[in-house]
Amino acid sequence: MSKTSTNTAFTPPTPQQVTAHLTRCAPRVSRMWVTQLPLLLLIAAAVMTLFAQDAVTALLPWIILIGVVSFAMIRVRHVRGIQDRVQKISDWTQLGQHERATRAIWKALPLVQMMPELHGRLVALMAHNLDKLTAWPAAEVAYDYLISRMPSDHPGSIQLQLQRTILQLFNDELTTADTNLRKLRSMAIELKNTPMSATYYYAALLQHVRTFHLTEAIEENRDNLVEHLRPLGVDAGHGYALLAWCYHQMALRQADNLQANDECMTEARAWWRKATLLLSTQKLFARHADLKQIAAHLAYTSKMDEVEKTAENSEETDELMLEIDTEQVEEDNA
Amino acid sequence: MNAPSQHTLRQVGPMTPADLERQLQIDQVLRMSILLGFPIICTILMAWFDLTPDPLGFGIMIMAGTWMALNLISARAWQQVSNMAELFAIDPQLAEARIATVLKAKPLARQVRLLTWHRLATLRHQQQDHDQTIAVCHSVLMHGPRNVEAVSQHLLLMLTEAQLARGDAYGAWISLTELSRRPLSLTHTLQKLALQTRYLLMVGYDHIALADLHGKVQMAEMMPPLQCGAMHVLLYVAATRSGQTEQAHWLDERARLLLSAEQHKHILESLATPTVTPGELM
């Protein structure tokens, strides 16, 4: 990742940089004697009190006691500070400030080597942020790192594997993605109406789109796509946009058959409308650049574009971001 | 280890602020008695039998050890109830049994007692026992858990939701005012927004509910899908009542994509949906 100030352009890290950083900052386990040291010192201090002969030997246990208690208090404050920092990074991710979050994760990872839970959380946030920044090869490295450290049938691992499969489809690793989708199908579909099953259905649709299996994409999704993708919330718009693209491509293939062409274009407009009800065209294009081809043909002004422009000046959103940003800007500048 | 069978699981009965006050007083009396009494007795015995040249110093060491032992009791009790978010969803009866067991332990550190009551409030909130949620939240907030701001925020949110469910607009207003005074995390800000919107609809302030609509829609998108859809339904109702037909239509279309027909109907009928979650319990 290029080390630039916050004012210059941000470049996401390369897969090699992510691998190197994760190796450098791998989680570590404290040695037993280090974790038990405060208790051992307290016991030693108690025993010393029994054999105190003069002022020095009487005073020393108290110095040890004060030292241990002070160390514990400082350590608790330090851990709380790191937890607050990780929470801020999580909030930035949720607010869509992916560049800031990625920078902060890069700096925070060395600090959490002795805290495995926070370490895992930060790596998961890194993968998510890199995904949103469309640094898909680098995001895949982070997902691989997490998946290799979890049981393969754990629900969290299945969700990560599905996310990784989507990235593999974006990275044109179609064979690997196909193998993973087949493996994950039964586990994902078992949990109906959950984000996991919705992610699976989105990945399956994306696979059809990337392999130009338009007929299968339409057959499998035209009746149930809304229900299948609902657990994704507004992100379901990406799936609707893909189906609109499929219908549009089908219309182009059937240019000679006016009726079929009209039907396909009608469906394309309907699905594109659903997509733009939930997401702005900017967000749709950022994820799937091919959609730009059809946007002009469908010529629908998305209200979400107006919402995003208006909300840029929104006081409430600004206040919320300002509260979270202020302290970190001071830290960054320092 | 096998879970206890169902009919032997402990339960926590109805609680009042007086119950918490009594428990805290018993804890304090017991702690002080043990913390002072045991070292004093040991010091007297050591001086009497001349076991150490510095009985007073050793006595103070024993006091430090006693203090650590008492904290260990509280730490052990805390371990049973610290991470309960998953247990609330999977087995609420086992969660209640654990809370009941910890509440019976004495003496507990004040903070552990208050945080266990917070877990009880979370359980009652999940069970939609609004009266008990209000009682338990009020009890804990009166004693102000220190150094755990996120817990106070969570208690206020649960209290507000229970008050709205009970139709107590004034109580909900007081709780929302208190929440506005505190710096909230992002998750709690979003939950407060949903509760605030419900309150505004309850008291008929539709135009205020629709203020900065686009900003609120953006914030709603950060909520979990069900809450996001519910927020759209609330704003749709406000827009309809205010005569803003175009906005209402747009919000309704989005809500119908985010919610199933059944969910949409249920929320419209009740104008309520669970908003506050156990989240990351401290």
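Just so it is clear, the structure is predicted and the values come from calculations on it, not from any experiment.

Trainee: Help me get a handle on the confidence of the model for chain B, residues and values and all.
Mentor: All names here are of chain B. Across chain B, the average pLDDT comes to 87, with 94% of residues at 70 or higher. Here helix H3 (residues 85-90) stands out as the element of chain B with the lowest mean pLDDT, 82, in contrast to helix H13 (residues 245-258), whose mean of 95 is the highest. Segment residues 1-6 is flagged for pLDDT under 50; beyond a separation of four residues in sequence, or across chains, it makes 3 contacts in the model.

Trainee: Give a description of the packing of helix H13 (residues 258-278) of chain A against H13 of chain B that names residues and reports values.
Mentor: The packing of two helices is summarised by the inter-axis angle and the distance between the axes. For the pair H13 of chain A and H13 of chain B, the least separation of the axes is 10 Å and the interaxial angle reads 100°. Classed by the angle they form, the pair H13 of chain A and H13 of chain B counts as roughly perpendicular. Across the interface between the two elements, Arg273, Lys274, Leu277 and Leu278 of chain A of H13 of chain A pack against Trp250, Glu253, Arg254, Leu257 and Leu258 of chain B of H13 of chain B. Across the contact of H13 of chain A with H13 of chain B, the residue classes break down as 5 nonpolar, no polar and 4 charged.

Trainee: With reference to specific residues and values, describe the nonpolar core.
Mentor: By size, the foremost hydrophobic cluster in this structure holds 157 residues, and its most contacted members are Ile89, Leu122, Tyr240 and Trp272 of chain A together with Ile99 of chain B. It is helix H12 (residues 236-253) of chain A that provides the largest number of residues to this core, a total of 11 residues. With 6 residues, the next largest nonpolar core counts Leu42, Ile64 and Val68 of chain A together with Met61 of chain B among its residues.

Trainee: So what's going on with a nonpolar patch on the surface? Residues and values would help.
Mentor: Taken together, the side chains of Leu39, Ile43, Val47 and Phe51 of chain A together with Trp67 and Met68 of chain B make up a nonpolar region of the molecular surface, amounting to roughly 580 Å² of accessible area. Elements that contribute at least two residues to the nonpolar patch include exactly helix H2 (32-50) of chain A together with helix H2 (55-81) of chain B. When residues of the nonpolar patch are assigned to their parent elements, the largest contribution, 3 residues, is made by H2 of chain A. Look at Trp67 of chain B and you get partly exposed, because its relative accessible area is 43%.

Trainee: Mind laying out the environment of Leu70 of chain B, listing which residues take part and the relevant values?
Mentor: All names here are of chain B. Of note, Leu70 is situated in helix H2. On the basis of relative accessible area, Leu70 is assigned to the buried category, the value being 4%. Note: C-alpha distance between Leu70 and Gln163 (93 residues apart in sequence) is 38 Å. Discounting residues that sit within four places of it in the chain, Leu70 has contacts with Arg31, Ile34, Leu35 and Pro107.

Trainee: Can you lay out the confidence of the model for chain A for me, pointing to particular residues and giving the numbers?
Mentor: Residues and elements named next belong to chain A. On average, chain A scores 84 in pLDDT, and the residues at 70 or more come to 86%. Within the model, the stretch residues 2-6 combines pLDDT values under 50 with 6 contacts to residues more than four positions away or in other chains. Note that residues 324-330 has pLDDT below 50 and, in this model, 10 contacts with residues that lie over four places away or in other chains.

Conventions we followed
- Residues numbered from 1 in each chain as written.
- Chains lettered and ligands numbered in written order.
- Predicted model: local features only at pLDDT ≥ 70, side-chain atom pairs only at ≥ 80, totals over all residues.
- Heavy atoms only, no water.
- pLDDT = per-residue confidence, 0-100.
- Helix = DSSP H or I, 4+ residues; strand = E, 2+ residues; numbered from the N terminus.
- Contact = heavy atoms within 4.5 Å.
- Axes fitted to C-alpha atoms, helices over the stretch in contact; angles between N-to-C directions.
- Parallel < 35°, antiparallel > 145°, perpendicular 65-115°, else oblique.
- Nonpolar A, V, L, I, M, F, W, Y, C, P; charged D, E, K, R; others polar.
- Core = buried A, V, L, I, M, F, W, Y, C linked by side-chain atoms within 4.5 Å.
- Buried < 20%, exposed > 50% of the residue type's maximum accessible area, 1.4 Å probe, protein only.
- Patch = residues over 30% accessible without salt bridge, like charges linked within 9 Å, V, L, I, M, F, W, Y side chains within 5 Å.
- Areas by Shrake-Rupley, 256 points an atom, 1.4 Å probe, with all protein chains shown as cover.
- Salt bridge = Lys/Arg side-chain N within 4 Å of Asp/Glu carboxyl O.

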